[in-house]
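# Observations on the model geometry
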Amino acid sequence: MHVRAYTCDDLDTLRGIHARQGFDYAFPDLADPIFISKLVVDDAAGRPVCASLARITCEMYLLADPDAGTPRERYTRLIELHEAGRSDLLARGLDDAHAWLPPPIARRFGRRLEALGWIRNDAWTPYCRRLREK
């Protein structure tokens, strides 16, 4: 077994592996610079049989003073900040952003996010791997 960096010569093989897995998502664009780590495992014959592809994604945090203004004023600020943030992230080359809501606010605030175009995705189960101790 040999772990090595991905090369363009691996693309067709990885597309085939992806298709045989049968998962419902499009094969990623590995030329996109947000893929920052692309590793391949070759079998004994030197054929790619496994790959790890790491894409930069974005975790959102919202800090909003709950005592500053009326609910309408706070929501107006959120809408303005939301659009400015979306434009900023797009300009930086990101494709998506993710938010994890604390249970006490998930239902109400989740509805506000959905009104702004966010999608709740329960189709996939998220996992997190901490790379550094806090």
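Up top you'll find the structure we're talking about.
Before going into details, it helps to say that this report is about the structure given with it. As a convention, each chain's residues are numbered from 1 in the sequence order in which they are written. This being a predicted model, a pLDDT of at least 70 is required before a residue's local features are given, and a value of 80 or more before pairs of side-chain atoms are given or counted; all residues contribute to the totals for chains, interfaces and linings. The side-chain quantities take in all heavy atoms of the structure and omit both hydrogens and water.

Here a Phe, Tyr or Trp ring, Trp counted by its six-membered ring, pairs with any other such ring whose centre lies within 6.5 Å, and the pair is stacked when the planes are under 30 degrees apart, edge-to-face when over 60, and tilted otherwise. Summed over all chains, the structure comprises three aromatic pairs. The interplanar angle of 15° and the centroid separation of 6.5 Å between the aromatic rings of F23 and Y25 together place this pair among those described as stacked. Three exposure classes are used, based on accessible area relative to the maximum for each residue type with a 1.4 Å probe and protein chains only: buried under 20%, partly exposed in between, and exposed over 50%. By relative accessible area, F23 is classed as partly exposed at 45%. Centroid distance Y25 to W124: 5.9 Å. Interplanar angle 70°. Geometry classified as edge-to-face. With Y25 in the loop between α1 (11–21) and β2 (35–42) and W124 in the segment after α3 (103–115), this residue pair connects regions lying 99 residues apart in the sequence. Counting from the N terminus, the helices are the DSSP runs of H or I reaching at least four residues and the strands are the DSSP runs of E reaching at least two.

Bringing α1 into the picture now. Every α-helix carries 3.6 residues per turn, so stepping three or four residues along brings you back to the same face. Of all the positions in α1, only L14, G16, I17 and H18 are classed as buried. Next to the buried residues of α1 lie β2 and β3 (48–55). Once α1 ends, the next one or two residues include G22, with phi positive near 75°. We call two residues contacting when some pair of their heavy atoms lies within 4.5 Å.

Take the environment of E80 next. Tracing the backbone shows E80 in helix α2 (residues 71–91). Separated by 20 residues in the primary sequence, E80 and W100 have C-alpha atoms spaced 20 Å apart.

In this section: α3. A helix is expected to reach a length of 1.5 Å times the quantity of its residues less one. Here α3 spans 19 Å end to end across 13 residues, near enough to the 18 Å set by a 1.5 Å rise per residue. Of all the bends in α3, the largest measures some 40° and sits at F109. Buried-residue contacts for α3 involve α2. Where α3 terminates, the next one or two residues include G117, which has phi positive at roughly 100°. By definition, a residue's bend is the angle between the axes fitted to the seven residues ending there and the seven starting there.

Buried Ala, Val, Leu, Ile, Met, Phe, Trp, Tyr and Cys residues form a nonpolar core when they are joined through side-chain atoms within 4.5 Å. Counting residues in hydrophobic clusters, the biggest one holds seven residues: Y6, L14, I17, F27, L30, F35 and V40. Every element with two or more residues in this core is listed here: α1 and β2. Leaving out residues up to four positions away in the same chain, L14 has contacts with Y6, F27, L30, V40, P48 and A51.

This next bit is on the pattern of salt bridges. Should a side-chain nitrogen of Lys or Arg be within 4 Å of a carboxyl oxygen of Asp or Glu, the pair is scored as a salt bridge. On inspection of all chains with the given rule, the structure shows seven salt bridges. A salt bridge links D10 to R4; the shortest N-O distance between them is 2.7 Å. Accessibility classification places D10 together with R4 in one group, the buried group. Ionic pairing is found between R47 and D43, a salt bridge with its closest N-O pair at 2.9 Å. Looking at D43, the relative accessible area reads 21%, which means it is partly exposed.

On to the sheet that holds β3. Here a strand pair is declared whenever DSSP counts at least two bridges between the two strands. The three strands lie next to each other as β1-β2-β3, forming an open sheet whose pairing is antiparallel. Where the open sheet ends on each side, the last strands, each with one partner, are β1 (2–5) and β3. With strand direction ignored, the average angle separating the axes of adjacent strands in the sheet is 25°. Axis definition: a line fitted to C-alpha atoms, limited for helices to the stretch in contact. Angles are taken between N-to-C directions and run from 0 to 180 degrees.

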